[in-house]
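The primary structure of each chain is shown beneath.
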Number of protein chains: 2
Amino acid sequence: MSAYQKVTPEIAEQLRQIVGAKYVLFDDREQLKDYSHDEVAEEKYHGMPEVVIKPNSTEEISEIMKLANREMIPVPPQGAKSGLSGGGVPVMGGILLSVERMNRILEIDKANMMAVAEPGIITNDFSAAVQKEGLFFAGYPMSLHTCYLGGNVAENAGGGKAIKYGVTGRYITGLEVVMPSGEVAFFGGKRVKDVTGYNMVQLMVGSEGTLGIFTKIIVKLVPLPKAKIDMMVLFEDLQTAIDVVPKIMTDVGVIPTGIEFMDQLTLETSCKHLGQSLEQYKNAGAFLIIEVDGNDEEQILNECLDIGDFCTDNGAIDAFVAQTPADQEKIWAVRRNAAEAFKAISPRQTLEDIVVPMSTIPQVLPILKKLSEKYDLFIPCYGHAGDGNLHATVVKNPDHSEEQWQELLPQVLTDLYSEIYKLGGTISGEHGVGNKRKQYLPLVLGETEIEAMKSIKRALDPNNILNPGKIFDL
Amino acid sequence: MSAYQKVTPEIAEQLRQIVGAKYVLFDDREQLKDYSHDEVAEEKYHGMPEVVIKPNSTEEISEIMKLANREMIPVPPQGAKSGLSGGGVPVMGGILLSVERMNRILEIDKANMMAVAEPGIITNDFSAAVQKEGLFFAGYPMSLHTCYLGGNVAENAGGGKAIKYGVTGRYITGLEVVMPSGEVAFFGGKRVKDVTGYNMVQLMVGSEGTLGIFTKIIVKLVPLPKAKIDMMVLFEDLQTAIDVVPKIMTDVGVIPTGIEFMDQLTLETSCKHLGQSLEQYKNAGAFLIIEVDGNDEEQILNECLDIGDFCTDNGAIDAFVAQTPADQEKIWAVRRNAAEAFKAISPRQTLEDIVVPMSTIPQVLPILKKLSEKYDLFIPCYGHAGDGNLHATVVKNPDHSEEQWQELLPQVLTDLYSEIYKLGGTISGEHGVGNKRKQYLPLVLGETEIEAMKSIKRALDPNNILNPGKIFDL
């Protein structure tokens, strides 16, 4: 729809005027390349920016957006490059706007149990700072050591605590936003109830950088739970493990903080990547990591024992309880490093993010098995079993040529997404559509739904300047 | 912007063709008048429909909207008429679309802890049905005996359990929506995580019937808590009571289900309305109702005792614990009937819905006192102290003439909202903007914020057919 213009040396000079020469990268291709990708391995989802700019304030971002609208240049905003859908990648060139310098915690407001932070703060740093005050950011995702808070909000990141605590969006009550036009808006505030017009805060959350650039984020916190216990439960096979997951909630009656699962291949790959021994896991084909938190250690221990008994009555072969932080970290490191471990052994793979209604989780595994047989490749699986969000990972068969892989992959994904849709599921639970999944959006959303979304994008960004080419093409 | 057309006998006949003659009210002015108002007392916020239609299916609603777009006739949708902002009132005439016949629970899905219902189900009936299955709809508001689920979603209703459970929107994961154009969309599903494009579900929630008509609502449920305890804590004055509220959460460290408060005038008025004795409440000037729930009765009793001790250490004069359902109902009836009781004694009053950051609650009372002195009228106050949502009620001074009241009221509200805004608050926490508060929206939102909302309305409803004149005028 828009005829974009190129970034000329004159434009680069104007950008230097806004933020200072030091914070504009223009001529050095190697420097620009650093900003050309996120954690999606496939190169076809990478893209080179024409210029990189690192503003340090709301006002600077506002000026950049006004310039970009005037000159018709796309602006992809970018965080920590830890995304898993190409959401922050400059697929149409333009002005890559990195929020890396806007990394301050502006306020920890204990009386209101809220904090205000900038988008470029590393989520782990934010999380640690509020924990010091006895507070807890319950929305944090798996990649917390690297990701930025702004990216969490832009993607509505999930993670392992969603069953009990929900996802990032639940904790965002206010946003200062530079709109695509360059105007600055403030939606919401430090309020837990607010019906003053449309819920612009939750429209912005998860909009993948296409509707506005967040410059201040108000985060609702909860009291830091006084105790938590992690369990690792071993099963002979994945189906038996997955079958018990919904029943832990409905039959045992406990809502754990998280229920993660891994198949044998995932555990083995991750343990090797970490140099952990596999001795204690032998004979097992599937694993659940279950975390329970609360304020009363005895009560949560009893809940864990109930869960353990239920699991062994329903096919588990063993269960370990980890009460010390060191033991807990050992368990979680295996799960957290799964994606990294797979990428290390094979860059020709795609980490998927399907999500289904909780009760249909057991039906996903036969689908993955059928597809891996049909297309003769591997689809190991791990993820957030408790909330139906499964990171099936399609891995290239080493016997296939690169051309075969490129030809098969869209067929595998089309089949997979179509089957998941039949279960009431969708293509992304927490990673986003971005650049990587936009071609598949029509498999799970109809024309009316997509057109409604596009009309909102057009209304707020008539020139299609902010992060074009993500979620859908206009 | 639009030149609306009148509902002619020919249009009425076309509407009869869609839903059947029995479900179209056209000629009988008395019948139409039933649909001219909600619970807002002031007549200037009422409005007569030209025709009332009672569809019974998504398809019928779709046809009505297509007709209305073709003929350029406004369609205000309406639920139980229990609203408190004029959101469902036909202020521009047109086709009043009542969802009263669409009152079915379509599914209670225990395995996914979700239910699917139509918009016209009475929230209390919905709540009772899911409780029978051991499940709990945590989003329900104070008016649950009369309101409809569809209205709860349209207004993002709050209620007394928001501190712990959040408001209605948190529990809505999917919506079938007839869009303003008449097209049918389905957003979300039975999924607890979903980032497939923009969060249209949460944009629809709280949109006050201006962006779509909900025809199927997917509600996330939680396990029914096994125990709950209510307490009534008596204080000499309101300020002392309000001062302890944020500290219950930050200092005692318990997140109650709800903390409601009433001043002396509210308690007395409501008790009289209900015929309850005031004996046990004498000497007290303010009251907190505190509810704590959980799965372990002993634990929550201990939490209540901790809260009771903290309150008496901080100025409370007495505290009653109500463990039996009958005692609990007695306490809650007083609070729930407050609005009704005030309306019975004086229809010349306005029930407000201000909301402020939790820590600033104590600062609201001096503002109310100052304004009641400045304007020489009464502003009794009650509400959801725990989440900062206070139902200050401006009551006409009997010595003032009707003209004085009409002249003073906008001044009082302008002053009140401006002061609340300075505290970081806003004009509505759970009742909505509707028709009643739209003139005050610019006091708490800037031009950029309002224009962003208007542009979304224009994008989804270019003819401004669906519920025009609510939230803002285009």
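Residues numbered from 1 in each chain as written. Chains lettered and ligands numbered in written order. Predicted model: local features only at pLDDT ≥ 70, side-chain atom pairs only at ≥ 80, totals over all residues. Heavy atoms only, no water.

(A) Seen up close, the overall build of chain A. The helix and strand tally for chain A stands at 15 helices and 19 strands. For chain A, whose C-alpha radius of gyration is 23 Å, the value lies close to the compact-globule estimate of 23 Å for 474 residues. Dimensions of chain A, computed from C-alpha atoms along their principal axes, come out at roughly 70 × 60 × 45 Å. Across the 474 residues of chain A, 62% fall into the buried class. Only carbon and sulfur atoms are counted for the fraction: they give 49% of the accessible area of chain A, which is about 16,700 Å². One way to put it: in chain A the 44 positive side-chain charges average out to a point 4 Å from where the 65 negative ones average out. (Helix = DSSP H or I, 4+ residues; strand = E, 2+ residues; numbered from the N terminus. Rg over C-alpha atoms; globule rule 2.2 N^0.38 Å. Buried < 20%, exposed > 50% of the residue type's maximum accessible area, 1.4 Å probe, protein only. Areas by Shrake-Rupley, 256 points an atom, 1.4 Å probe, with all protein chains shown as cover. Lys, Arg positive; Asp, Glu negative; His and termini not counted. Charge placed at Lys NZ, Arg CZ, Asp CG, Glu CD.)

(B) Quick peek at the domain arrangement of chain A. Residue and element names in this part refer to chain A. The domain boundaries assigned to chain A delineate domain 1 (9-100), domain 2 (105-223), domain 3 (227-338) and domain 4 (346-447). Using only C-alpha atoms to locate each centre, domain 2 and domain 3 end up separated by 29 Å. Domain 2 puts nine residues into the contact, and the matching count from domain 3 is twelve residues. Both sides of the domain 2 and domain 3 interface together cover about 850 Å² of buried area, and 58% of this is carbon and sulfur. It is Met142, Ile163 and Lys164 in domain 2 that bury the most area against domain 3; as a group they hold 64% of the surface buried on that side. For the pair domain 2 and domain 3, the number of links is two salt bridges. The interface formed by domain 2 and domain 3 holds three residue pairs in polar contact (both at pLDDT 80 or more) in total. Here the side of domain 2 that touches domain 3 is built from residues that sort into five nonpolar, two polar and two charged. (Domains from an automatic or database assignment. Contact = heavy atoms within 4.5 Å. Buried area = accessible area lost by both parts, 1.4 Å probe. Salt bridge = Lys/Arg side-chain N within 4 Å of Asp/Glu carboxyl O. Polar contact = N/O pair within 3.5 Å; in protein donor to acceptor, adjacent residues only side chain to side chain. Nonpolar A, V, L, I, M, F, W, Y, C, P; charged D, E, K, R; others polar.)

(C) Main features of the interface of chain B and chain A. Of the residues lining the interface, 71 residues belong to chain B; the matching set on chain A comes to 71 residues. Of the roughly 5,600 Å² buried between chain B and chain A, counting both surfaces, carbon and sulfur atoms make up 64%. When the buried surface of chain B facing chain A is broken down by residue, Lys193, Val195 and Tyr198 of chain B rank first, second and third, together holding 18% of it. Linking chain B with chain A are four salt bridges, by the criterion used here. Linking Asp387 of chain B and Lys193 of chain A is a salt bridge whose minimum nitrogen-to-oxygen distance equals 3.1 Å. If you list the elements that add at least two residues to the side of chain B that touches chain A, you get β9 (184-188), α7 (200-204), α8 (238-252) and α15 (447-460) of chain B.

(D) Summary view of the pattern of salt bridges. Here the structure, examined in full by the defined rule, presents 56 salt bridges over all chains. One salt bridge connects Arg335 of chain B with Glu260 of chain B, and the closest N-O pair in it is separated by 2.6 Å. Of this pair, Arg335 of chain B sits in helix α11 (residues 325-336) while Glu260 of chain B is found in strand β13 (residues 258-263), placing the two residues 75 residues apart along the sequence. Its relative accessible area of 3% is what places Arg335 of chain B among the buried residues. Taken together, the salt bridges that share partners define one network made up of Lys161, Lys228, Asp230 and Glu291 of chain A.

(E) Quick look at the sheet that holds strand β8 (residues 172-178) of chain A. Residues and elements named next belong to chain A. Strand order in the open sheet made by the five strands is β5-β6-β10-β8-β9, with antiparallel pairing throughout. The strands lining the two open edges of the sheet, one partner per strand, are β5 (105-109) and β9 (184-188). The sheet shows a mean angle of 10 degrees between the axes of neighbouring strands, direction not considered. As paired strands, β8 and strand β10 (residues 213-220) are joined by six bridges and run antiparallel to one another. (Pairing = 2+ DSSP bridges. Axes fitted to C-alpha atoms, helices over the stretch in contact; angles between N-to-C directions.)

(F) Focus on the packing of aromatic side chains. Applying the stated rule across the entire model yields twelve aromatic pairs over all chains. With centroids separated by 5.5 Å and ring planes inclined at 75 degrees, the aromatic side chains of Phe136 of chain B and Tyr165 of chain B adopt a geometry described as edge-to-face. In this pair, Phe136 of chain B sits in strand β7 (residues 135-136) while Tyr165 of chain B sits in helix α6 (residues 162-165), placing the two residues 29 residues apart along the sequence. Just as Phe136 of chain B is buried, Tyr165 of chain B falls in that class too. Above the plane of the ring of Tyr35 of chain A lies Lys81 of chain A, whose end atom (NZ or CZ) is 4.6 Å from the centre. In this arrangement the basic side chain of Arg101 of chain B is found over the ring face of Tyr23 of chain B, its NZ or CZ atom lying 3.2 Å from the centre. (Phe/Tyr/Trp six-rings, centres within 6.5 Å; stacked < 30°, edge-to-face > 60°. Lys NZ or Arg CZ within 6 Å of the ring centre and 35° of its normal.)

(G) Quick peek at the pairing of strand β19 (residues 389-395) of chain B. All names here are of chain B. Burial analysis of β19 places seven of its seven residues in the buried class, the great majority of the element. Alternating positions in β19 separate into two faces, Asn389, His391, Thr393 and Val395 on one and Leu390, Ala392 and Val394 on the other, with burial throughout. As defined by bridge partners, strand β17 (residues 354-355) adjoins β19 across two bridges and the pair is classed as antiparallel. Across the sheet, residue Ile354 finds its bridge partner in β19, namely Leu390. In the sheet, strand β18 (residues 381-384) pairs with β19 via four bridges, with the strands oriented antiparallel. Opposite Cys381, over in β19, you have Ala392 as the bridge partner.

(H) How the structure looks around the nonpolar core. By size, the foremost hydrophobic cluster in this structure holds 198 residues, and its most contacted members are Phe126, Leu288 and Ile456 of chain A together with Phe126, Leu288 and Ile456 of chain B. Residue contacts for Ile456 of chain B: discarding those within four places in its chain leaves Tyr198, Met200, Leu203, Ile456 and Leu460 of chain A together with Leu203 and Leu211 of chain B. (Core = buried A, V, L, I, M, F, W, Y, C linked by side-chain atoms within 4.5 Å.)

(I) Looking closely at the pairing of β9 of chain A. All names here are of chain A. Inspection of the sheet shows β8 paired to β9 by five bridges, in the antiparallel sense. Its bridge partner lying in β9, Glu176 is registered against Phe186. In this structure, the hairpin formed by β8 and β9 is closed by a connection of five residues, where Gly182 is found at a positive phi of approximately 100 degrees.

(J) Region of the structure containing the packing of helix α1 (residues 9-19) of chain A against helix α3 (residues 58-71) of chain A. Residues and elements named next belong to chain A. At a minimum axis distance of 9 Å, the contact between α1 and α3 shows a crossing angle of 160 degrees. In terms of axis orientation, α1 runs roughly antiparallel to α3. Relative to α3, the crossing made by α1 is right-handed. Taking contact as the criterion, the partners of Ile11, Gln14, Leu15, Ile18 and Val19 in α1 are, on α3, Glu60, Glu63, Ile64, Leu67, Arg70 and Glu71. When the residues that make up the contact of α1 with α3 are grouped by side-chain class, the tally is six nonpolar, one polar and four charged. (Parallel < 35°, antiparallel > 145°, perpendicular 65-115°, else oblique. Left-handed = near helix turned anticlockwise from the far one by under 90°.)

(K) Summary view of the confidence of the model for chain A. For chain A, the mean per-residue pLDDT works out to 93, and 99% of the residues sit at or above 70. Confidence metrics for the complex model read pTM 0.96 and ipTM 0.95. (pLDDT = per-residue confidence, 0-100.)

(L) A look at the side chain of His391 of chain B. Residue and element names in this part refer to chain B. Within the secondary structure, His391 is located in strand β19. At 3.3 Å, the side chain of His391 and the side chain of His384 are in polar contact. Apart from residues lying up to four places away in sequence, His391 is in contact with Arg335, Leu351, Glu352, Asp353, Pro380, Cys381, Tyr382, Gly383, His384, Glu430 and His431.

(M) Here's a closer look at helix α14 (residues 402-422) of chain A. All names here are of chain A. In a regular helix each residue adds 1.5 Å, so 21 residues correspond to 30 Å; α14 covers 31 Å between its end C-alpha atoms and thus fits that length. For α14, the complete set of buried residues consists of Trp405, Leu408, Leu409, Val412, Leu413, Leu416, Tyr417 and Ile420. Summarising the contacts, the buried residues of α14 are in contact with β16 (349-351), β17 (354-355), α13 (361-375) and β19 (389-395). Of the residues trailing α14, Gly424 is marked for its positive phi of about 90 degrees. (Expected span 1.5 Å × (residues − 1).)

(N) Quick look at the packing of α8 of chain B against helix α13 (residues 361-375) of chain B. All names here are of chain B. For the pair α8 and α13, the least separation of the axes is 8 Å and the interaxial angle reads 155 degrees. Between α8 and α13, the angle falls in the class roughly antiparallel. Of the residues in α13, those touching α8 at Leu238, Gln239, Ile242, Asp243 and Val245 are Ile361, Pro362, Leu365 and Pro366. Residue composition of the contact of α8 with α13, by class: seven nonpolar, one polar and one charged.

(O) Highlighting the relation of the copies chain B and chain A. Rotating chain B by 180 degrees and translating it 0.0 Å along the rotation axis places it on chain A, where the RMSD comes to 0.0 Å. The two molecules are tied by a two-fold rotation axis, judged by turn and shift. Of the residues that chain B buries at the interface, 100% are likewise interface residues in chain A, meaning the two copies contact each other through the same surface. (Least-squares fit on C-alpha atoms with pLDDT ≥ 70 in both.)

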